[in-house]
Amino acid sequence: LRSLQMRRLRLALCARKARRIMKALKVTGAIVVALIGAWYLLEDYWYRKAIPENIGLSYRISITSDSGLREGCGTAVYKLGGKTAEAIKEQGVKFFEESGQARGHSDRYYTYGEWMETPRDDWTRSENWSYELLCGGSIGGSLYDDIVESGRTGGSYYSFKDEAVLMVIPDKKLVVFSHNG
């Protein structure tokens, strides 16, 4: 009888311990999910701030990045807002006359230069833009192909700022921001 009571006691203690462990795992899991979600939102917020205000952004398609303490590189691809795409098709490069400054920054570092229409001479071979687009991870094969092809043909627009390139592809309704530095 005594050994049966001891077994029951041990089982009760094990069950109690298992419940504590499960509770700790649930709390840890919730914290990890919250941190990943916060990072996802922070990263999206940072990239959106680097794009001029008049370039309407819809939703995030892909963000890849590789960052160190001081330097980093990455690519953000967003869906271009429909009204913005139509305005660009109507106005051409003139649309970008008001696209000189990033929406979330007022300093010169986030000032874009002259906007130009594709094709870009330095994008005649995909290797010329591969590093910029693939830094930080793959953005996906078909998306990569769409961006490179849009750089080789007319109808898209691009500009440079310190350590970054911004490309708008109205036909595919894409905005591509790539930085290195």
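Fair warning: this is a prediction, and the values are worked out from it, not measured in the lab.

Draft legend 1. Layout of the overall build of the protein chain. Secondary structure summary: the protein chain contains four helices and six strands in total. Mapped in sequence order, the helices and strands of the protein chain form the string α-β-β-α-β-α-α-β-β-β. For 181 residues, the compact-globule estimate of 2.2 N^0.38 gives 16 Å, and the protein chain exceeds it by more than 25% at 25 Å. Looking at the protein chain residue by residue over its 181 residues, the buried ones come to 36%. Taking the intrachain contacts of the protein chain between residues at least 6 apart in sequence as the baseline, contacts between residues at least 24 apart amount to 63%. Of the side chains in the protein chain, 26 bear a positive and 22 a negative charge, and the two mean positions are spaced by 25 Å.

Draft legend 2. Region of interest: the environment of Ser-142. Along the chain, Ser-142 turns up in helix α4 (residues 141-152). Along the primary structure Ser-142 and Lys-23 are separated by 119 residues, whereas in three dimensions their C-alpha atoms are 43 Å apart.

Draft legend 3. View of the environment of Thr-118. Relative to the elements of secondary structure, Thr-118 occurs in the loop between β3 (116-117) and α3 (127-134). Separated by 51 residues in sequence, Thr-118 and Ile-169 have C-alpha atoms that sit 9.6 Å apart. The residues touching Thr-118, leaving out its near neighbours within four places in the chain, are Ser-150, Gly-151, Thr-153, Gly-154, Gly-155, Ser-156, Tyr-157, Tyr-158 and Met-167. Within the structure, Thr-118 has its side chain in polar contact with the backbone oxygen of Ser-150 (distance 3.4 Å).

Draft legend 4. Seen up close, a nonpolar patch on the surface. On the surface, Met-6, Leu-9 and Leu-13 cluster together into a nonpolar patch covering about 260 Å² of accessible area. Structurally, the position occupied by Met-6 is in helix α1 (residues 2-49). Accessibility expressed as a relative area gives 35% for Met-6, which makes it partly exposed.

Draft legend 5. Representation of the pairing of strand β6 (residues 174-180) within the structure. Most of β6 sits inside the fold, with six of its seven residues counted as buried. Sheet topology places strand β2 (residues 72-80) next to β6; seven bridges connect them, and they run antiparallel. The residue bridging Cys-73 from the neighbouring strand is Asn-180, located in β6. As paired strands, strand β5 (residues 164-169) and β6 are joined by six bridges and run antiparallel to one another. Looking across to β6, one finds that Ala-164 is bridged to His-179.

Draft legend 6. Molecular detail of a positive patch on the surface. Together, Arg-16, Lys-17, Arg-19 and Arg-20 make up a region of like positive charge exposed at the surface. Within the fold, Arg-16 resides in helix α1.

Draft legend 7. A look at the packing of aromatic side chains. Scanning all chains against the criterion turns up eight aromatic pairs. Arranged with centres 5.1 Å apart and planes meeting at 85°, the rings of Phe-95 and Phe-96 form a pair that is edge-to-face. Both rings, one in Phe-96 and one in Tyr-157, keep their centres 5.2 Å apart while their planes meet at 40°; by these two values the pair is tilted. Here the residue Phe-96 occupies a position in the loop between α2 (82-91) and β3, and Tyr-157 occupies one in strand β4 (residues 157-161), the gap between them amounting to 61 residues. Take Phe-96 and Tyr-157: they sit in the same class, and that class is buried. Here the aromatic cluster, defined as three or more aromatic residues joined through ring pairs, consists of Phe-95, Phe-96, Tyr-112, Trp-115 and Tyr-157. Positioned above the aromatic ring of Tyr-109, the side-chain terminus of Lys-161 is 3.8 Å from the ring centre. Above the face of the Tyr-110 ring, Lys-161 is positioned so that its terminal group lies 4.5 Å from the ring centre.

Criteria and thresholds
- As a convention, each chain's residues are numbered from 1 in the sequence order in which they are written.
- A pLDDT threshold of at least 70 governs which residues receive local features in this predicted model, and a stricter bar of 80 or more applies before side-chain atom pairs are shown or counted, although totals over entire chains, interfaces and linings include all residues.
- Side-chain measures here rest on the full set of heavy atoms in the structure, leaving out hydrogens and waters.
- A run of DSSP states H or I qualifies as a helix once it reaches four residues; a run of E qualifies as a strand once it reaches two. Both are numbered from the N-terminal end.
- Radius of gyration: over C-alpha atoms. The globule rule applied is 2.2 Å multiplied by the number of residues raised to the 0.38 power.
- Under the scheme applied here, a residue whose accessible area is under 20% of the maximum for its type counts as buried, over 50% as exposed, and between as partly exposed, the area being computed with a 1.4 Å probe on protein chains only.
- Pairs of residues are marked as contacts when any of their non-hydrogen atoms sit within 4.5 Å.
- Positive charge is attributed to Lys and Arg, negative charge to Asp and Glu, and no charge count is given to His or to the chain ends.
- All charge positions are set by atom: Lys at NZ, Arg at CZ, Asp at CG, Glu at CD.
- Whenever two N or O atoms come within 3.5 Å, that pair is a polar contact, provided that in protein one can donate a hydrogen and the other can accept it, and provided that, for residues adjacent in sequence, both atoms are side-chain atoms.
- Patch membership is restricted to residues that have no salt bridge and whose relative accessible area is over 30%. Joining uses 9 Å for like charges and 5 Å for the nonpolar side chains Val, Leu, Ile, Met, Phe, Trp and Tyr.
- Methods summary: accessible areas were calculated by the Shrake-Rupley approach with a probe of 1.4 Å, and residue burial reflects only the protein chains presented.
- Any carboxyl oxygen of Asp or Glu that lies within 4 Å of a side-chain nitrogen of Lys or Arg is treated as forming a salt bridge with it.
- By this definition, two strands are paired if DSSP reports at least two bridges between them.
- For Phe, Tyr and Trp, where Trp contributes only its six-membered ring, two rings pair if their centres lie within 6.5 Å, and the inter-plane angle classes them as stacked under 30 degrees, edge-to-face over 60, or tilted in between.
- Here, over-ring charges are defined by two tests on the NZ atom of lysine or the CZ atom of arginine: distance to the ring centre within 6 Å, and angle to the ring normal within 35 degrees.

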